[in-house]
Amino acid sequence: MSNHTIAVYGIPNCSTVKKARTWLEAQGVDHQFHDFKKAGVPASHLPDWIAKASWEKLVNRQGTTWRKLDPTVQQAVTDADSASALMIANPSVIKRPVVEWADGSVTVGFDEAVWSSKIA
């Protein structure tokens, strides 16, 4: 594994983020954690995330935050720009965790098989 730091973005009390961070620690993988609630969404990273993972994958349409949004707000999310604006305004709508890997790739959510291949 290279010395590039893995960055994990999410919300600390999210069960998937907890599981993902616990998994990384169990594998002995150093990582930095970026708390959306405290530090906000890094707007400068969104274009890269969207390019590598797609805005459709980043916007969690199954989550409580999305379901609580006004239908007109939901219907306005039609492309990368509108999705970015929504994610910055409502960080909880982002599917978690978003991970920037040492190889430059970006994943959304926790998939142990995919993650295992990233740290191999």
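So, a few notes on the structure that sits alongside this text. All values reported here derive from a predicted model rather than from experimental measurement.

**Notes on the overall build of the protein chain**
Moving on, step 1. Within the protein chain, the secondary structure is distributed over eight helices and four strands.
Moving on, step 2. The helix and strand sequence of the protein chain, counted from the amino end, reads β-α-β-α-α-α-α-α-α-β-β-α.
Moving on, step 3. Computed over the C-alpha atoms, the radius of gyration of the protein chain is 14 Å, within 12% of the 14 Å expected from 2.2 N^0.38 for a compact globule of 120 residues.
Moving on, step 4. The buried share of the protein chain, reckoned over its 120 residues, is 41%.
Moving on, step 5. When contacts within the protein chain are restricted to residue pairs at least 6 apart in sequence, those whose partners lie at least 24 apart make up 62%.
Moving on, step 6. Of the roughly 6,600 Å² of accessible surface on the protein chain, 48% is carried by carbon and sulfur atoms.

**A word on the pattern of salt bridges**
Moving on, step 1. Tallying each qualifying case throughout the model produces two salt bridges.
Moving on, step 2. One salt bridge in this structure joins Asp48 and Lys52, with 3.2 Å as the shortest N-O distance. In this pair, Asp48 and Lys52 are both assigned in helix 3 (residues 46–53), four residues apart and thus about one turn of the helix distant.
Moving on, step 3. For Asp48, a relative accessible area of 31% puts it in the partly exposed group.
Moving on, step 4. With relative accessibility at 43%, the residue Lys52 sits in the partly exposed group.
Moving on, step 5. Between Lys118 and Asp103 there is a salt bridge; the shortest N-O distance is 3.5 Å.

**Concerning the nonpolar core**
Moving on, step 1. Core analysis: the largest hydrophobic core is formed by 25 residues, its most contacted members being Trp49, Leu58, Val59 and Met87.
Moving on, step 2. Among the elements of the structure, strand 1 (6–10), helix 3, helix 4 (55–58), helix 7 (80–89) and strand 4 (106–108) are those that each provide at least two residues to this core.
Moving on, step 3. When residues in this core are grouped by element, the largest group, four residues, is from helix 3.
Moving on, step 4. In terms of nonpolar packing, the next biggest core, distinct from the first, is built from 10 residues, Ile6, Leu24, Val99 and Trp115 among them.

**Quick notes on the packing of helix 1 (residues 15–26) against helix 8 (residues 112–119)**
Moving on, step 1. Running from N to C, helix 1 and helix 8 cross one another at 35 degrees; their axes reach a closest spacing of 12 Å. For the pair helix 1 and helix 8, the sense of crossing is right-handed. Contact with helix 1, carried on its side by Ala20, Trp23 and Leu24, involves Glu112, Trp115, Ser116 and Ile119 of helix 8 and no other residues of that element.
Moving on, step 2. Its residues assigned to classes, the contact of helix 1 with helix 8 shows five nonpolar, one polar and one charged.

About the criteria used
Residues numbered from 1 in each chain as written. Predicted model: local features only at pLDDT ≥ 70, side-chain atom pairs only at ≥ 80, totals over all residues. Heavy atoms only, no water. Helix = DSSP H or I, 4+ residues; strand = E, 2+ residues; numbered from the N terminus. Rg over C-alpha atoms; globule rule 2.2 N^0.38 Å. Buried < 20%, exposed > 50% of the residue type's maximum accessible area, 1.4 Å probe, protein only. Contact = heavy atoms within 4.5 Å. Areas by Shrake-Rupley, 256 points an atom, 1.4 Å probe, with all protein chains shown as cover. Salt bridge = Lys/Arg side-chain N within 4 Å of Asp/Glu carboxyl O. Core = buried A, V, L, I, M, F, W, Y, C linked by side-chain atoms within 4.5 Å. Axes fitted to C-alpha atoms, helices over the stretch in contact; angles between N-to-C directions. Left-handed = near helix turned anticlockwise from the far one by under 90°. Nonpolar A, V, L, I, M, F, W, Y, C, P; charged D, E, K, R; others polar.

Everything listed here is a matter of geometry and, on its own, says nothing about what the molecule does.
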